[in-house]
Amino acid sequence: MSDTQWTRYYVFKKDTEKTPFESCGTVHAPDAELALQNARDVFVRRPNCLELWAVPADQVYTWSGDEVGALLESSMGFEDEGEVYHVFLKERRKTQHLLAGSVRGVTPEHALRAALKAFFSAEIGVWRLVPERAVLRSERSEQPSWFGPAYDKLYRQPNFYHTDSLMREIRRRRGESKPDED
Amino acid sequence: MKTELGSALGAYLLALADDELILAHRNSEWCGHAPILEEDIAFANLALDEMGHALIWYRLLADVCGEDPDRYPDQLVYTRTAPEFRNVQLVEQPKGDWAYTLVRQFVFDAFEAVRLERLVESSYPPLAQAAAKIQGEEFYHLRHTRAWVHRLGLGTKESNRRMQAAVEAVWPDARQLIAPMEAEAPLVAEGIVPPSGDLEAAWLERVRPEFEAAELALPEDVHPRADSRRDHTESLRDLLAELQHVARAFPEMMAW
Amino acid sequence: MEAKTQTQDSADEARLAEFQARIDRGEKIEPGDWMPPTYRRQLVRMISQHAHSEIVGMLPEGGWITRAPSLRRKLVLLAKVQDEAGHGEYLYHAAETLGATREEMIDDLLSGKAKYSNIFNYPALTWADIAIIGYFVDGAAIVNQTMLSRCSYGPYARANIRISAEESFHMQQGKEMVIKMAMGEQELKALVQDAINRWWWPTLMMFGLPDAESPNSPALIRWGIKTKTNDELRQLFVTRTVDELHDLGLTVPDPDLRYDEESGDWISGPIDWDEFWRVVNGDGPCNRERMAARRKAHDDGQWVREALEAYAQREGNGSSL
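Every chain is numbered on its own, with residues counted from 1 as its sequence reads. Here every chain gets a letter starting at A, and every ligand a number starting at 1, in the order they are written. In keeping with the model being predicted, local features are shown solely for residues with a pLDDT of at least 70 and side-chain atom pairs are shown and tallied solely at 80 or more, while totals for entire chains, interfaces and linings include all residues. Excluding hydrogens and water, the side-chain values take into account all heavy atoms of the structure.

1. Observations regarding the side chain of Ser214(C)
Residues and elements named next belong to chain C.
So, step 1. In this text, helices come from DSSP runs of H or I with a minimum length of four residues, and strands from runs of E with a minimum of two, each type numbered from the N-terminal end. Within the fold, Ser214 resides in the loop between α7 (186-205) and α8 (217-222).
So, step 2. A distance of 3.2 Å separates polar atoms of two side chains, one belonging to Ser214 and the other to Asn230.
So, step 3. It only takes one pair of heavy atoms within 4.5 Å for two residues to be counted as in contact. Each residue touching Ser214, except ones within four places of it in the same chain, is listed here: Leu209 and Asn230. N or O atoms within 3.5 Å of each other form a polar contact, as long as, within protein, one can give a hydrogen and the other can take it, and as long as residues adjacent in sequence are counted only when both atoms are side-chain atoms.

This is the structure in structure tokens:
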């Protein structure tokens, strides 16, 4: 591993109680602790965030919608057993991978079959499975110190700046000082 | 609040605020130049938090002095001369190499954590509230700097050598943090602030084990060069020249 | 190289047709999906260049954080430059999904092999430059990034969605200062007008070569990477910005600027593409300084990165300290 080629970690984020976990991207880090910290600094500079996950890339299993079609029939009678895998799905025409739920599998391929049985739709373009045991997560109890500071930094929001009201005022003044048209 | 007490509290708050501001300023110098992109982002966050903390203390100071909290902080930062600043010499030193910056940050964060633990119990509610707010963010800072001290102390022979040199450069100046602040006595008597000297034991308890685990030796029996927070180095002269020159040229921008 | 068999040719053609059909249906192409080699190559070039631009872009503004004339502006500028580092991150990662490695991309930037947006080779000489960089440069970037948020390659679209949401304050903070300077004393107004005179043309060049000289554009549009041409995006920016500058009593340094009644557009005079090529090829005002700064940061940081790697190898990546 060269000194600029750190391990990749997938980052998942749950913004509010009502919204599902979403796959937001990846970070590089030399180890697990810095992976979670980097994930926070790269992806949570603004509200909202309840919980953050980082998972080493070699523990994330991804299949395209085209690849899984062939497995569908053999998945229908599948029995869930083994460890927990979280299932993220992305529709073909949509942009985001969202958490659909969890299944069990003895291997990632088994878990995929369980996921197909539970969630299949022809509209799904990406199937992403994440084993629970590989998930590094922020503690809910630490939410104030991990994500709270982002809430106070109002200057990161566009409406913190008075450009609209200032331009309106300037246009109004120019309107008032224009000579009347005959 | 009685005038004498108010004046003493003002001096104390000014010292806290100046420490945060000058340190944040030094940290912001790394933006665009950090050893790795991820840490550029993380360290900018530390600096942003610290500037926020400086503003909290400056605004509280404005309230205590009967000044406008929206104007007074900028006046203090942009129009005072070097002898009027009340930060410790530790924070005005140039940023040095990454080891110096990290060790300084860790040592400062550890001291701040210890002081904040006492300030949240201040008998003056606005101070206790401000401390509670800042404390939340400081938990994360310490988690970050501890992790880095550990990794750089143990990483390679080269990183350990640099970290050891940094500890030896930082620690004498850092000792100024426990020197009693001018006029802190009446504040201590009223339970508004803890005596600065009392914080030493708790501070060492935070710092020693981390340095030991990182195979770094804390120098014994070292003393700060400064006699008081009124004493500054030419580093502060240079820092303020850069910090203040645009505001001094265009004072109306201080309100922007 | 052996000639492909006929079956290989028709297989490729079929794949290409299905690929185009997916894009026409509005589906996203994701890592691991089949894609024409040209699509992959163009995207790696575009995305890595975009990433490098964010990182180099930290330098002209980063140097002014220590000089910001108010605490509010100090916070704002630091937050903006921090975002730019974050945007570089999102983009490097998007390029990595196509097989580029961080190490290769950094090496290419530092060796001068990779390009980045020319605009960052210009110097930020006064505080007014900081106002104009936000208003013009981020304003132009937003036009581009809004379009790229809908691009066909999933990771690049997702990166641009995130970037666009964060970028809007970048433009607003600059514009707010430009307005205040325009409304201020004569000296301030002159300062911001001078900054406009230096940054206007380089900003227009940010949108790239004229359509007639952009051989890649038609393919990029067909493949859903771009939805508008360089000239179309440039025109959007010019009309909107000239209107606002005139309202502020400011001008653009274009003696040939004229208003087209029919379209409601402000039409620019000719752009000096010779200057563009000079600067792109390394002869701009700050090319050497920008690269020297990035090389220094990289070299000075080597002992740090090596230490982290050594620690990770020993502790087995599972350290919870």
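2. Concerning the interface of chain B and chain A
So, step 1. Listed by partner, the interface residues are 17 residues for chain B and 20 residues for chain A.
So, step 2. Summed over both partners, the accessible surface that disappears when two parts come together, traced with a 1.4 Å probe, is what is meant by buried area. With both chains or domains summed, chain B and chain A bury close to 1,700 Å², and 51% of this area falls on carbon and sulfur atoms.
So, step 3. Considering only the surface of chain B that becomes buried against chain A, Glu38(B), Tyr140(B) and Arg143(B) emerge as the three largest contributors, covering 37% of it.
So, step 4. For this analysis, a salt bridge means a side-chain nitrogen from Lys or Arg found within 4 Å of a carboxyl oxygen belonging to Asp or Glu. The salt bridge involving Arg143(B) is made with Glu142(A); its shortest N-O contact spans 3.3 Å.
So, step 5. At the boundary of chain B and chain A, one finds eight residue pairs in polar contact (both at pLDDT 80 or more).
So, step 6. Elements with a minimum of two residues in the side of chain B that touches chain A: α2 (37-65) and α6 (125-154) of chain B.
So, step 7. Ranked by residue count, the leading element in the side of chain B that touches chain A is α6(B), at ten residues.
So, step 8. For this classification, Asp, Glu, Lys and Arg are treated as charged, while Ala, Val, Leu, Ile, Met, Phe, Trp, Tyr, Cys and Pro are nonpolar and the rest, including Gly, are polar. Of the residues belonging to the side of chain B that touches chain A, the class tally is eight nonpolar, three polar and six charged.

3. A few points about helix α4 (residues 102-111) of chain C
So, step 1. Only protein chains enter the accessibility calculation, which uses a 1.4 Å probe; a residue is then buried when its area is under 20% of its type maximum, exposed when over 50%, and partly exposed in between. All buried positions along α4(C) are accounted for by Arg102(C), Met105(C), Ile106(C), Leu109(C) and Leu110(C). For α4(C), the arc enclosing every buried residue in end-on projection is 125 degrees, short of the 170-degree limit, so these residues lie on one face.
So, step 2. Turning to α4(C), the residues buried within the fold contact β2 (22-29) of chain A, α2 of chain B together with α2 (37-62), α3 (71-96) and α11 (287-300) of chain C.
So, step 3. Two residues or fewer past α4(C), Gly112(C) is found with a positive phi of approximately 90 degrees. Our arc is simply the arc of the directions from the helix axis toward the C-beta atoms.

4. Concerning empty space enclosed by the protein
So, step 1. Lining residues are those with an atom within 4 Å of a point, where the points come from a 1 Å grid over the protein atoms alone and group into cavities, where a 1.4 Å probe fits but cannot get out, or pockets, open sets with protein on both sides within 12 Å along at least five of seven lines. Grid points are joined across faces, edges and corners, and a volume is the space filled by probe spheres set on the points. Counted according to the given criterion, the structure contains six cavities of 30 Å³ or more.
So, step 2. The space that makes up the largest cavity amounts to roughly 250 Å³.
So, step 3. Lining the largest cavity are 19 residues, with Ile36(B), Leu37(B), Ile106(C), Arg294(C) and His298(C) positioned closest to its centre.
So, step 4. Of all the elements in the fold, those that place two or more residues in the lining of the largest cavity are α2 of chain B together with α4 and α11 of chain C.
So, step 5. Counting residues per element, the lining of the largest cavity draws most heavily on α4(C), which supplies four residues.
So, step 6. Of the residues belonging to the lining of the largest cavity, the class tally is eleven nonpolar, three polar and five charged.
So, step 7. There is about 90 Å³ of room inside the second largest cavity.

5. Some thoughts on the environment of Asp231(B)
Residues and elements named next belong to chain B.
So, step 1. Position of Asp231 among the secondary structure elements: in the loop between α9 (199-213) and α10 (234-249).
So, step 2. Once the C-alpha coordinates of Asp231 and Asn87 are considered, the two residues, 144 residues apart in sequence, prove to be 9.0 Å apart.
So, step 3. When near neighbours in sequence (up to four residues on either side) are disregarded, Asp231 contacts Gln89 and Ala226.

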